Amino acid sequence: MKLSRLFHRNKSLIFLLVFIYFLFWLTLSTIKQINDLNKPHVSHQLKFRSNGTFYFVINQLFQLQINLVLIDPYVLQYLFIHRLSFDNVDRQFITFAIIDQSLQTLMQSLNDMKFSIKTSKTVLPNQKKVIDHIFIEHEHITVHITVLHKYNSYYRIHKNYRSLSEDIQLPFGDKLRAVDYFETELHEYLFYYPRNVSHFLWLYNSSEFIRCDRKLAERMKKQYHIHESVSQLSLVLKPMVSIGQGLDQLQKHYWIAGGTLLGWYRHCGLIPYTGDVDFGLFEEEYDESIRHHFLGNPVTHIWAALGLVNDSLEFRLSSGRYVFDLFWTYREDNTRWYGYQAQRSKYRRSLPLFSKVCSGDLYGYRFSVPCLPIEYLDHEYGKDNWLVPLQKDYKWVNMKYHSMWNDISWMYAVRLYSPEGHLRSDELAISWVAKRFNYTYSSVPSFLNALPNEDVTLPPLKSEFIQNKTRIQTPRPATKKQVEEAEEEEENEKPEEQEAPEINEKEDEEKPEETLVQEKEDKKTEEAEAEAEGIAEE
């Protein structure tokens, strides 16, 4: 009774004490949970905020909103390929990057810090000095920051001229380099890194930058009055960029070749009178992803696939108004070669042996080029022959007749495609192929689109072609005139969506398409001798 009376008399006080106890308990629990959540963060800060670690420098810059991008190939491979921890990186020198727009902010911030700062500068043609490399030394470590100079589609990284210890090997700054634009992600240690690390590392292997010959380009303008064509550039540049970027995304090494390479190095642009664009590739890197990428491609699609994967493979691409050739090169002993096809004859053009490509600039875009362009051009055109344009009666010094396609191989050596990426079997495609088959016109459709894993019944042979075949097997040198005639003959027979960039004959524009096709077909005879196909740039 006494307790009951006491409870009733002090009921309000008791409830207040219970409420205070509950509130106190809730507060303690909340504080404990917050502390538990913050433990990893506190541990992280305590663990790496040592004056003797990379993290200290990185964190100081991050707090000042300086976003460093890790581009050191060794460390990227260590962290993202081998999946190891940044804590265990056993290096005293790591390379990061910033975009050139952030350079001023960085330098102002570094002036307020107690770090040892060294820089490397480049003197521009206008005598202005720009900072390209920054070395932040703190105790026993060095943070190397390289400046990414921005161009249309890539960053250029200049060479370092600051003297460094002999045991330091710069991954960037050792030579002039170029890397494509790349997306980044933030690492838990407060630096950024390329989102696609494996692709960045693949591009790094071909990042050495080669300059075109500016003095030679000026001589082409002043002495020979060769100037770039604005109309040609509008037709060529966008498809070229699309092709190059597509091959890079597929991680297939390529390089601009032939007259396109000559135009890049000698004119620092394109030769205005060239009729196509050439790319070279390594046969050992071929797979069907390349064909699938360009089948029905909205920018440049395959209209013809010539040769076989293991012999003289060539893709002819079209933007609708210009032709782009992809040639695969094959290694043989100490050289490389790629195939040229004229009729059913196979010619081979030799190239110097190389397995690495570099980077060059064409109208502000990065393209892959041979690392030794002079050696390459000497091999293609003859030593120093390419230095003088418009040379008459030029003979290909690196082209030789090889053999004829046999009947079985030839059936698989020609594939024509529509802009949508479908194999063509219309009348024009059949006519284009029939002139090179050893069979009658009417029998071509039965095996035009035969695939290698399908049975094929061979129709009767056409005796006229057999006689021609025997007569033209003797090797002959390919003169410029023969090459131009063969190319003109080939251009006349292209499927209908392939048009030359400029049509000079006005009467052709007024005739029906069927009439034009027939007239072009009449220009050829089935007894035409096999001549080397190609464009003589000079």
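As a starting point, this report considers the structure included with it. Small disclaimer: the values here were computed from a predicted structure and weren't measured.

1. Points about the environment of Asp100
Note that Asp100 resides in the loop between β2 (93–99) and α5 (103–111). What makes Asp100 partly exposed here is its relative accessible area of 25%. Between the alpha carbons of Asp100 and Leu148 there is a distance of 5.6 Å; along the sequence they are 48 residues apart. Here Asp100 is in contact with Val147, Leu148, His149 and Lys150, once residues within four sequence places are set aside. In terms of polar contacts, Asp100 uses its side chain to reach the backbone amide nitrogen of Lys150, at 3.4 Å.

2. Describing helix α8 (residues 230–249)
With 20 residues, α8 extends 29 Å between its outermost C-alpha atoms, agreeing within 8% with the 28 Å of an ideal straight helix rising 1.5 Å per residue. The largest bend along α8 reaches roughly 30° and is located at Val236, with the proline Pro239 sitting one to four residues downstream. Following α8 by one or two positions, Gln251 has its phi on the positive side, about 55°.

3. Re the pattern of salt bridges
The full count for this structure, using the stated rule, is 18 salt bridges. For Glu137, the salt bridge goes to Lys118, with nearest N and O atoms at 3.6 Å. With Glu137 in strand β4 (residues 129–138) and Lys118 in strand β3 (residues 116–123), this residue pair connects regions lying 19 residues apart in the sequence. A relative accessible area of 29% means that Glu137 is categorised as partly exposed. Glu208 is paired through a salt bridge with Lys175; the nearest N and O atoms lie 3.7 Å apart. Of the two residues, Glu208 is situated in the loop between α6 (197–204) and α7 (214–222) and Lys175 in the loop between β6 (154–157) and β7 (177–180); the sequence distance between them amounts to 33 residues. Exposure remark for Lys175: the relative accessible area of 29% places this residue in the partly exposed category. One continuous salt-bridge network, built from bridges that share partners, spans Lys175, Glu208 and Lys356.

4. Comments concerning the state of the cysteines
Per the counting criterion, the structure on display carries two disulfides. Two residues share a disulfide in this structure: Cys212 and Cys268, whose sulfurs sit 2.1 Å from each other. Linking Cys212 and Cys268, the disulfide has an S-S dihedral of approximately 105° and is accordingly described as right-handed. With Cys212 in the loop between α6 and α7 and Cys268 in the loop between α9 (258–267) and β11 (276–282), this pair connects stretches of sequence that are 56 residues apart. Taken individually, Cys212 and Cys268 each receive the classification buried, so the pair is uniform in this respect. The side chain of Cys358 participates in a disulfide bridge whose partner is Cys371; the two sulfur atoms lie 2.0 Å from each other. Linking Cys358 and Cys371, the disulfide has an S-S dihedral of approximately 100° and is accordingly described as right-handed. Separated by 13 residues along the polypeptide, Cys358 in strand β17 (residues 357–362) and Cys371 in the loop between β18 (365–370) and α11 (373–381) bring together distant segments of the chain.

5. Here's the deal with the packing of aromatic side chains
Under the counting rule described, the total for this entry stands at 31 aromatic pairs. What links up through ring pairs into an aromatic cluster is the set Tyr155, Phe172, Tyr181, Phe182, Phe200 and Tyr204. Between Lys346 and the ring centre of Trp405, over which it is positioned, the NZ or CZ distance is 4.2 Å. The ring of Tyr340 carries Arg349 above its face, with NZ or CZ at 5.2 Å from the centroid.

6. Let's talk about the nonpolar core
Met240, Trp264, Phe315, Leu326 and Trp328 are the most contacted members of the largest nonpolar core, which has 61 residues in total. Looking at this core element by element, the count peaks at seven residues for α8. When neighbours within four sequence positions are excluded, Phe315 is seen to be in contact with Tyr286, Ile290, Arg291, Ile302, Ala304, Ala305, Phe324, Asp325, Leu326 and Trp328. Among the nonpolar cores identified, the runner-up in size contains 48 residues, and Ile66, Leu106, Ile131 and Ile136 belong to it.

7. Details of a nonpolar patch on the surface
Together, Leu13, Leu16, Leu17 and Ile20 make up a nonpolar patch on the protein surface, roughly 380 Å² of accessible area in all. For Leu17, a relative accessible area of 53% puts it in the exposed group.

8. Examining the environment of His144
Along the chain, His144 turns up in strand β5 (residues 141–150). For the pair His144 and Ala97, spaced 47 residues apart in sequence, the C-alpha separation works out to 8.0 Å. Setting aside anything within four residues of it in sequence, one finds His144 in contact with Phe93, Ile94, Thr95, Phe96, His133, Ile134, Phe135, Leu170 and Phe172. A polar contact is formed between the side chain of His144 and the side chain of Thr95, at a distance of 2.9 Å. Looking at His144, its side chain comes within polar contact range of the side chain of His133, at 3.0 Å.

9. Things to note about the pairing of strand β15 (residues 335–342)
Along a regular strand, successive side chains alternate from one face of the sheet to the other. Judged by how many residues are buried, β15 sits mostly within the fold: seven of eight residues are covered. Pairing analysis gives three bridges linking strand β14 (residues 323–332) to β15, with the strands arranged antiparallel. Looking at the pairing, Tyr330 lines up with Trp337 of β15. The antiparallel hairpin formed by β14 and β15 contains two residues in its connecting segment, where Asp333 sits at a positive phi of about 55°. Summarising the sheet, β15 and strand β16 (residues 345–352) pair through eight bridges and their orientation is antiparallel. What sits directly across from Gly339, in β16, is Arg348. Where β15 folds back on β16, the antiparallel hairpin that results is connected by two residues, among which Gln343 adopts a positive phi of roughly 55°.

Rules behind the numbers
- Residues numbered from 1 in each chain as written.
- Predicted model: local features only at pLDDT ≥ 70, side-chain atom pairs only at ≥ 80, totals over all residues.
- Heavy atoms only, no water.
- Helix = DSSP H or I, 4+ residues; strand = E, 2+ residues; numbered from the N terminus.
- Buried < 20%, exposed > 50% of the residue type's maximum accessible area, 1.4 Å probe, protein only.
- Contact = heavy atoms within 4.5 Å.
- Polar contact = N/O pair within 3.5 Å; in protein donor to acceptor, adjacent residues only side chain to side chain.
- Expected span 1.5 Å × (residues − 1).
- Bend = angle between axes of the 7 residues up to and from the residue.
- Salt bridge = Lys/Arg side-chain N within 4 Å of Asp/Glu carboxyl O.
- Disulfide = S-S within 2.5 Å.
- Phe/Tyr/Trp six-rings, centres within 6.5 Å; stacked < 30°, edge-to-face > 60°.
- Lys NZ or Arg CZ within 6 Å of the ring centre and 35° of its normal.
- Core = buried A, V, L, I, M, F, W, Y, C linked by side-chain atoms within 4.5 Å.
- Patch = residues over 30% accessible without salt bridge, like charges linked within 9 Å, V, L, I, M, F, W, Y side chains within 5 Å.
- Areas by Shrake-Rupley, 256 points an atom, 1.4 Å probe, with all protein chains shown as cover.
- Pairing = 2+ DSSP bridges.

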